[in-house]
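The residues making up each chain are set out below.
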Number of protein chains: 2
Amino acid sequence: MTIGDSFSITYTFSANGQDEAMLIARNISLEQTAELPEDAIPDSLKSYTGRVSPLQEMENGTWNCTITYPCEVAGGEITQFINVLFGNISLKPGIRITSVNPGKLLPLFPGPKMGLEGIRKRMGATKRPLSCTALKPMGATSNYLANTAYLFSAGGIDIIKDDHGLANQPMSVFKDRVEKCVRAVQKGSRESGKRSLYVPNITADSSTLMKRAEFAFENGADGFLIAPQITGLAELARVSAAFPNVPVIAHPAFSGPYTINRNSGFTPEFYYGYFWKALGADAVIYPNAGGRFSFSTDTCLEINRMCRTDHPGIGRAFPVPGGGISRDTIPALVKSYGNDTIFLIGGSLYQHPEGLLEAAKEFRDYLVTAG
Amino acid sequence: MTIGDSFSITYTFSANGQDEAMLIARNISLEQTAELPEDAIPDSLKSYTGRVSPLQEMENGTWNCTITYPCEVAGGEITQFINVLFGNISLKPGIRITSVNPGKLLPLFPGPKMGLEGIRKRMGATKRPLSCTALKPMGATSNYLANTAYLFSAGGIDIIKDDHGLANQPMSVFKDRVEKCVRAVQKGSRESGKRSLYVPNITADSSTLMKRAEFAFENGADGFLIAPQITGLAELARVSAAFPNVPVIAHPAFSGPYTINRNSGFTPEFYYGYFWKALGADAVIYPNAGGRFSFSTDTCLEINRMCRTDHPGIGRAFPVPGGGISRDTIPALVKSYGNDTIFLIGGSLYQHPEGLLEAAKEFRDYLVTAG
């Protein structure tokens, strides 16, 4: 097996010394491939079980381990790659994935079609940070939500997305909402003199997902919101590939268990900052520090950095911190996170004493000035 | 809102006294619906945010809380139900879901089409426990795997499934493997005088998943293996609904983060024993105690109990403990788990000193005697 036809995954775990660490590493590679004890694998098939690189001891008995697998084990499919990445070992405590080097598997990962640069170009915003908000609350009618969308766009917010909890409820069925919000955002954009994007939530089972994407696209929506952990991660790649000129924003609903436990799952910067981007997200919403979620500011900075890194063959995506961002905290956050960020504010705009239009203008003005 | 048009979810979390517990509970219901602070929700829409039932204090500062939601919030879709169930709160530490009362949402959950009784009937085994094994290892050719399948069926194992790591790799592409293994298992069944089932792994992205299911069905396969956490949970329901006469076996790959952390996610008995069954699994593989996974025997007994419980409108499924079951431990396990169990043994059969045929016969004989 040469490096040319392989890919590698880097894991961290705790172990009591080099020997135990090597045993854990070897067990990971067996679990994820042959799923047999070493002595039950024919010699001729052992190369498929991967190769453990020299281990690195980190602090506090934590070990870093990279395992290189032949590309064949992923069978050219995202679903099987996910299985090799974290299928059975997800059932074992204490194993965390920190990075993947796709090597010759790179073609499996479409990467964002528009990416950070494509969204900037679409918005006509070359340098400044972008503003984003969500249409809420669940239970409101399409007329109510469309009026909200109108006020946000008239106030100049860049991206107005459905809340991820808006699906096809009887209070606001998908098609009616999309038609009304598209018109509302176009009207608001004319008034503000600045194009706002309307991004409906297309999350659904696979037979409905693509129909919603098509309907939204044909009816003038400007992007898609999708919760890939709910649809299945491969569906993100499917949607992105089918609509290369439509920005796809990934939402982290249902993904927490993979990222919020420090000793297992994935590092948030790998999962949201690299993997979802590699699967096709042009922008990735993640739970921001300082609010009701649990990530640290350092973690958020790392997610931002990974999203913006121009990974070869994959490219760059916009990080979209959401949660815990308010009209008061946005100035400090822009300084800390920098311009290549889409700032998502929800509740704080709805609480503005002077209403949604004023809230939107204030938010827009701040980001235009900041840039 | 009356109980008739609602469903409820029960959560556990830690809190410092009744007031804090009530605050957490209310924040859960807001996070999962309006996703707005209470004061930003119009009065007329507040009913959509759910209703917190009286809290129960358990031991060690843990609280039990049931929230009742109007059915409309789920919008008649499994994906949106998952979002209300554990979308954004999955990003917050310390919240665990223990049960769901589907109420009027029951039609959303197809339940198993064949279920425990259907599989028993198909096997002609009215009372005894069933045997199951997996074709391995990844990297083997279809001829090699088919020969393995032949030996297992000639030895009389009830269910012979693809290992969940067999997808469409070049060493054994899906169609070739299915054709060869179907023939091999039919041949072995004729020799043993007892029908074995061959269950290929159809896990793939949604555009391929259904094609694999159709190909497998049309070419004589006897069931489908699917890893719902990889495909997306709603795909399990799609496959189950499309093939009501084909047993669907769910595999837990990639699902660990939802179930192995004691203080967050889902209880394993709810997730594997109830939810996956409700989504259409006729049999559910879960990581067994005593081997390389982390569940306790009590947890496994609870998963078994939930799978077998005849939940109204949903029915019963077979529990399939896998991992850590060997030729030596099976006698004690049959006593402990009882007859309504499919016992999945992998590695231990492959390690049998007298080969696969003898290993299979021994396994079969034991379960026939036990029943």
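What you see is a predicted model; the values in this text were computed from it and never measured. (Residues numbered from 1 in each chain as written. Chains lettered and ligands numbered in written order. Predicted model: local features only at pLDDT ≥ 70, side-chain atom pairs only at ≥ 80, totals over all residues. Heavy atoms only, no water.)

1. Things to note about the overall build of chain A
Working step 1: Summing up its helical and strand segments, chain A has 14 helices and 14 strands in all.
Working step 2: Whereas a compact globule of 371 residues would reach a radius of gyration of roughly 21 Å, chain A reaches 22 Å, a difference of no more than 12%.
Working step 3: By residue count, 66% of the 371 residues in chain A fall in the buried class.
Working step 4: Taking the intrachain contacts of chain A between residues at least 6 apart in sequence as the baseline, contacts between residues at least 24 apart amount to 73%.
Working step 5: Averaging the coordinates of the 35 positive side-chain charges in chain A and doing the same for the 35 negative ones gives two points 8 Å apart. (Helix = DSSP H or I, 4+ residues; strand = E, 2+ residues; numbered from the N terminus. Rg over C-alpha atoms; globule rule 2.2 N^0.38 Å. Buried < 20%, exposed > 50% of the residue type's maximum accessible area, 1.4 Å probe, protein only. Contact = heavy atoms within 4.5 Å. Lys, Arg positive; Asp, Glu negative; His and termini not counted. Charge placed at Lys NZ, Arg CZ, Asp CG, Glu CD.)

2. Quick notes on the packing of helix 4 (residues 142–154) of chain B against helix 14 (residues 356–370) of chain B
Residues and elements named next belong to chain B.
Working step 1: Their axes nearest at 7 Å, the elements helix 4 and helix 14 cross at an angle of 35°. Of the two possible hands of crossing, helix 4 and helix 14 adopt the one that is right-handed. Residue-level contacts link T148, L151, F152 and A154 of helix 4 to L356, L357 and A360 of helix 14.
Working step 2: Tallied by class, residues from the contact of helix 4 with helix 14 come to six nonpolar, one polar and no charged. (Axes fitted to C-alpha atoms, helices over the stretch in contact; angles between N-to-C directions. Left-handed = near helix turned anticlockwise from the far one by under 90°. Nonpolar A, V, L, I, M, F, W, Y, C, P; charged D, E, K, R; others polar.)

3. Focus: the interface of chain B and chain A
Working step 1: Tallying the contact residues gives 77 residues for chain B and 77 residues for chain A.
Working step 2: Approximately 6,300 Å² of surface area, both sides summed, lies buried where chain B meets chain A, with 62% of it carried by carbon and sulfur atoms.
Working step 3: On inspection of chain B and its partner chain A, the count reaches eight salt bridges.
Working step 4: Residues K136 of chain A and E35 of chain B are paired through a salt bridge, measuring 3.8 Å at the closest nitrogen-oxygen approach.
Working step 5: Applying the counting rule to chain B against chain A returns 34 residue pairs in polar contact (both at pLDDT 80 or more).
Working step 6: Elements with a minimum of two residues in the side of chain B that touches chain A: helix 2 (78–86), helix 6 (206–218), helix 7 (228–231), helix 8 (233–242), helix 9 (256–259), helix 10 (268–278) and helix 13 (347–350) of chain B.
Working step 7: It is helix 2 of chain B that contributes the most residues to the side of chain B that touches chain A, six residues altogether.
Working step 8: Considering only residue class, the side of chain B that touches chain A consists of 36 nonpolar, 28 polar and 13 charged. (Buried area = accessible area lost by both parts, 1.4 Å probe. Salt bridge = Lys/Arg side-chain N within 4 Å of Asp/Glu carboxyl O. Polar contact = N/O pair within 3.5 Å; in protein donor to acceptor, adjacent residues only side chain to side chain.)

4. Looking at the packing of aromatic side chains
Residue and element names in this part refer to chain A.
Working step 1: Counted by the stated rule, this structure contains 51 aromatic pairs over all chains.
Working step 2: Geometrically, the ring pair formed by F224 and F243 is edge-to-face, given 5.1 Å between the ring centres and 90° between the ring planes. Residue F224 is found in strand 9 (residues 224–226), and its partner F243 is found in the loop between helix 8 (233–242) and strand 10 (248–250); the two are separated by 19 residues along the sequence.
Working step 3: Given a relative accessible area of 10%, F243 falls into the buried group.
Working step 4: Against the face of Y150 rests K187, its NZ or CZ located 4.1 Å from the ring centre. (Phe/Tyr/Trp six-rings, centres within 6.5 Å; stacked < 30°, edge-to-face > 60°. Lys NZ or Arg CZ within 6 Å of the ring centre and 35° of its normal.)

5. A few points about the relation of the copies chain B and chain A
Working step 1: For the pair chain B and chain A, the superposition axis carries a translation of 0.0 Å, the fit reaches an RMSD of 0.0 Å, and the rotation angle comes to 180°. The two molecules are tied by a two-fold rotation axis, judged by turn and shift. Nearest to the rotation axis, the C-alpha of G232 of chain B is located 1.9 Å from it, this being the minimum over chain B. (Least-squares fit on C-alpha atoms with pLDDT ≥ 70 in both.)

6. Let's talk about the pairing of strand 4 (residues 62–70) of chain A
All names here are of chain A.
Working step 1: Most of strand 4 sits inside the fold, with seven of its nine residues counted as buried.
Working step 2: The pairing of strand 1 (residues 6–14) with strand 4 spans nine bridges and is classified as antiparallel. Among the inter-strand pairings, S6 is bridged to a residue of strand 4, identified as P70.
Working step 3: By the bridge criterion, two bridges tie strand 2 (residues 51–52) to strand 4 in an arrangement that is antiparallel. Residue pairing for strand 4: V52 is matched across the bridge by I67.
Working step 4: Counting the residues that bridge the hairpin from strand 3 (residues 56–57) to strand 4 gives four residues, and of these N60 lies at a positive phi of roughly 55°. (Pairing = 2+ DSSP bridges.)

7. Details of the environment of Q229 of chain A
Working step 1: When you line up the elements, Q229 of chain A lands in helix 7 (residues 228–231).
Working step 2: Classification of Q229 of chain A by relative accessible area gives buried; the value is 5%.
Working step 3: As for Q229 of chain A and G256 of chain A, which are separated by 27 residues in sequence, their C-alpha atoms are 9.4 Å apart.
Working step 4: Not counting the four nearest positions on each side in its chain, Q229 of chain A is found in contact with A253, F254, S255, Y258, Y271 and W276 of chain A together with F254 and Y258 of chain B.

8. Let's talk about unusual backbone geometry
Working step 1: Of note, the amide linkage connecting K136 of chain A to P137 of chain A takes the cis form, showing an omega dihedral of -10°.
Working step 2: One non-glycine residue, F254 of chain A, adopts positive backbone phi at about 75°.

9. A look at the pattern of salt bridges
Working step 1: Within the structure shown, the criterion is met by 38 salt bridges over all chains.
Working step 2: Across the pair D340 of chain A and R316 of chain A runs a salt bridge whose closest N-O atoms are separated by 3.4 Å. With a gap of 24 residues between them, D340 of chain A in the loop between helix 12 (330–337) and strand 14 (342–344) and R316 of chain A in the loop between helix 11 (297–308) and strand 13 (318–322) connect regions that are remote in the sequence.
Working step 3: Overall, the relative accessible area of 22% leaves D340 of chain A in the partly exposed class.
Working step 4: The salt bridge partner of R238 of chain B is E235 of chain B, with a shortest N-O separation of 2.4 Å. With R238 of chain B and E235 of chain B both in helix 8, this residue pair falls three residues apart, about one helical turn.
Working step 5: Each of E31, E35 and K92 of chain A together with K136 and R292 of chain B takes part in one network of salt bridges that share partners.

10. A word on the nonpolar core
Working step 1: Of all hydrophobic cores here, the largest spans 232 residues; its most connected members are Y11, F81 and F275 of chain A together with F7, Y11, F81 and F275 of chain B.
Working step 2: Ignoring anything within four residues of it in the chain, the contact list for F81 of chain B reads F7, A74, V100, L105, L108, F109 and F275 of chain B. (Core = buried A, V, L, I, M, F, W, Y, C linked by side-chain atoms within 4.5 Å.)

11. Focus: the packing of helix 6 (residues 206–218) of chain A against helix 8 of chain A
All names here are of chain A.
Working step 1: Relative orientation of the contacting elements helix 6 and helix 8 amounts to 30°, with a least axis distance of 11 Å. Relative to helix 8, the element helix 6 is oriented roughly parallel. Read as a crossing pair, helix 6 and helix 8 show a hand that is right-handed. Between helix 6, through S206, L209 and M210, and helix 8, the contact on the second element is made entirely by E235, R238, V239 and A242.
Working step 2: A per-class count over the contact of helix 6 with helix 8 returns four nonpolar, one polar and two charged. (Parallel < 35°, antiparallel > 145°, perpendicular 65-115°, else oblique.)

12. Regarding helix 5 (residues 174–192) of chain B
Side chains that are three or four residues apart share a direction in an α-helix, a result of its 3.6 residues per turn.
All names here are of chain B.
Working step 1: Here helix 5 is 19 residues long and its end C-alpha atoms lie 26 Å apart, about the 27 Å a rise of 1.5 Å per residue gives.
Working step 2: Those residues of helix 5 that fall on the buried side of the exposure criterion are F174, R177, V178, C181, V182, A184, V185, G188 and S189.
Working step 3: Elements that come into contact with the buried residues of helix 5 comprise strand 6 (130–135), helix 4, strand 7 (159–162), strand 8 (197–199) and helix 6.
Working step 4: Once helix 5 finishes, G193 follows within two positions and takes phi at roughly 75°, a positive value. (Expected span 1.5 Å × (residues − 1).)

13. Details of the side chain of E35 of chain B
Working step 1: Within the secondary structure layout, E35 of chain B lies in the loop between helix 1 (18–31) and strand 2 (51–52).
Working step 2: With a relative accessible area of 12%, E35 of chain B lands in the buried category.
Working step 3: Residues within four places of E35 of chain B in sequence aside, it is in contact with K136, D163, H164 and R292 of chain A together with L30 and N88 of chain B.

14. Quick look at the pairing of strand 1 of chain A
Residue and element names in this part refer to chain A.
Working step 1: For strand 1, a buried count of eight out of nine residues is recorded, marking the element as mostly surrounded by other parts of the structure.
Working step 2: Relative to strand 5 (residues 96–101), strand 1 is paired through five bridges, and the arrangement is antiparallel. Bridge pairing in strand 5 places T10 opposite S99.

15. Thoughts on the confidence of the model for chain A
Working step 1: Residues of chain A with pLDDT of at least 70 account for 99%, and the chain-wide mean is 96.
Working step 2: Here the predicted complex carries an ipTM of 0.97, next to a pTM of 0.97. (pLDDT = per-residue confidence, 0-100.)

16. Topic: the state of the cysteines
Working step 1: Within the structure shown, the criterion is met by zero disulfides over all chains.
Working step 2: Distance from the sulfur of C71 of chain A, which forms no disulfide, to the nearest cysteine sulfur (C65 of chain A) is 18 Å.
Working step 3: No disulfide involves C181 of chain B; its nearest neighbouring cysteine sulfur is the one of C132 of chain B, lying 14 Å away. (Disulfide = S-S within 2.5 Å.)

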